[in-house]
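# An overview of the molecular structure
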Amino acid sequence: MARKTGSHSEITGPRIRAEAMKLFARHGFAAVSMRQIAAAVGLQAGALYLYTPDKEALLFDLLKDHMDGLIAAWQEKRGGESPVGALETFVRFHIRYNGERPEAVFLSYMELRNLSPENFAVIEGLRRAYETELENILKAGQAAGAFLVPDTKLATMAIIAMLTGVNTWFREGGRLSRATVEDIYWDMVRKAVSG
């Protein structure tokens, strides 16, 4: 379907995604209608379908964009460090990257249940790919004698849950700075895997 003359998809599309993310994070996916998203952007409800086939496709795009961005940013950040250095880099990266995107992280954990099995499988595959990055660091540390972890898969899930949990309580301007939180969490993770 063609857009109206004078419309700006490069502006409107991102605005739709940004407003949908805010509304989904604030009220929950099931409670938000396409009409509410359209009103937040200043469009007629029918105009949204020029940008997305349905609400679930919009949610899927938001979750996939977050995971694609997370993986791409990690690929740029990681280096040829020792396993200990790589783990510290991962811890600090995860806290910082996700801390700058609290709504996307919230959706990624709370709204997966609203995806079709096919879309869920795509997001789950991206999550596994990211988790494998951490597990590979732990395995390399095991092989080098730097880490003592009875089960690298379980340790991976525990570390990611712990790091992602920062988003539930951290607030800029609070008692601890983000850098201090990174230092403390790195110290806890380091001690948890030390050999």
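Residues numbered from 1 in each chain as written. Predicted model: local features only at pLDDT ≥ 70, side-chain atom pairs only at ≥ 80, totals over all residues. Heavy atoms only, no water.

### Quick look at the pattern of salt bridges
Tallied over the full model, the rule gives 14 salt bridges. For Asp68, the salt bridge goes to Lys64, with nearest N and O atoms at 2.7 Å. Pair noted here: Asp68 and Lys64 are both in helix H3 (residues 55-77), with a separation of four residues, about one helical turn. Assessed through its relative accessible area of 28%, Lys64 is described here as partly exposed. Salt-bridge contacts for Asp183 lead to Arg92; the nearest nitrogen and oxygen are separated by 2.8 Å. Separated by 91 residues along the polypeptide, Asp183 in helix H9 (residues 178-193) and Arg92 in helix H4 (residues 83-99) bring together distant segments of the chain. We classify Asp183 as partly exposed; its relative accessible area is 41%. Taken together, the shared-partner salt bridges connect Glu88, Arg92, Arg96, Glu182 and Asp183 into one network. (Salt bridge = Lys/Arg side-chain N within 4 Å of Asp/Glu carboxyl O. Helix = DSSP H or I, 4+ residues; strand = E, 2+ residues; numbered from the N terminus. Buried < 20%, exposed > 50% of the residue type's maximum accessible area, 1.4 Å probe, protein only.)

### Points about the domain arrangement of the protein
Split by domain assignment, the protein resolves into domain 1 (1-52) and domain 2 (56-192). The centre of domain 1, based on its C-alpha atoms, is set 29 Å off from the matching centre of domain 2. Interface area, domain 1 with domain 2, both sides summed: about 1,100 Å², of which 77% is carbon and sulfur. Three residues stand out in domain 1 for area buried against domain 2, namely Arg17, Met21 and Phe29, and they jointly supply 50% of the buried area on that side. Here domain 1 and domain 2 share zero salt bridges between them. (Domains from an automatic or database assignment. Buried area = accessible area lost by both parts, 1.4 Å probe.)

### Quick word on the UniProt feature "DNA-binding region" (unreviewed entry) in the protein
In the UniProt entry, the feature "DNA-binding region" (unreviewed entry) is given for residues 33-52. Its end C-alpha atoms 13 Å apart, residues 33-52 is made of 40% helix and 0% strand. (UniProt positions renumbered as here; feature names shortened; annotations may be inferred.)

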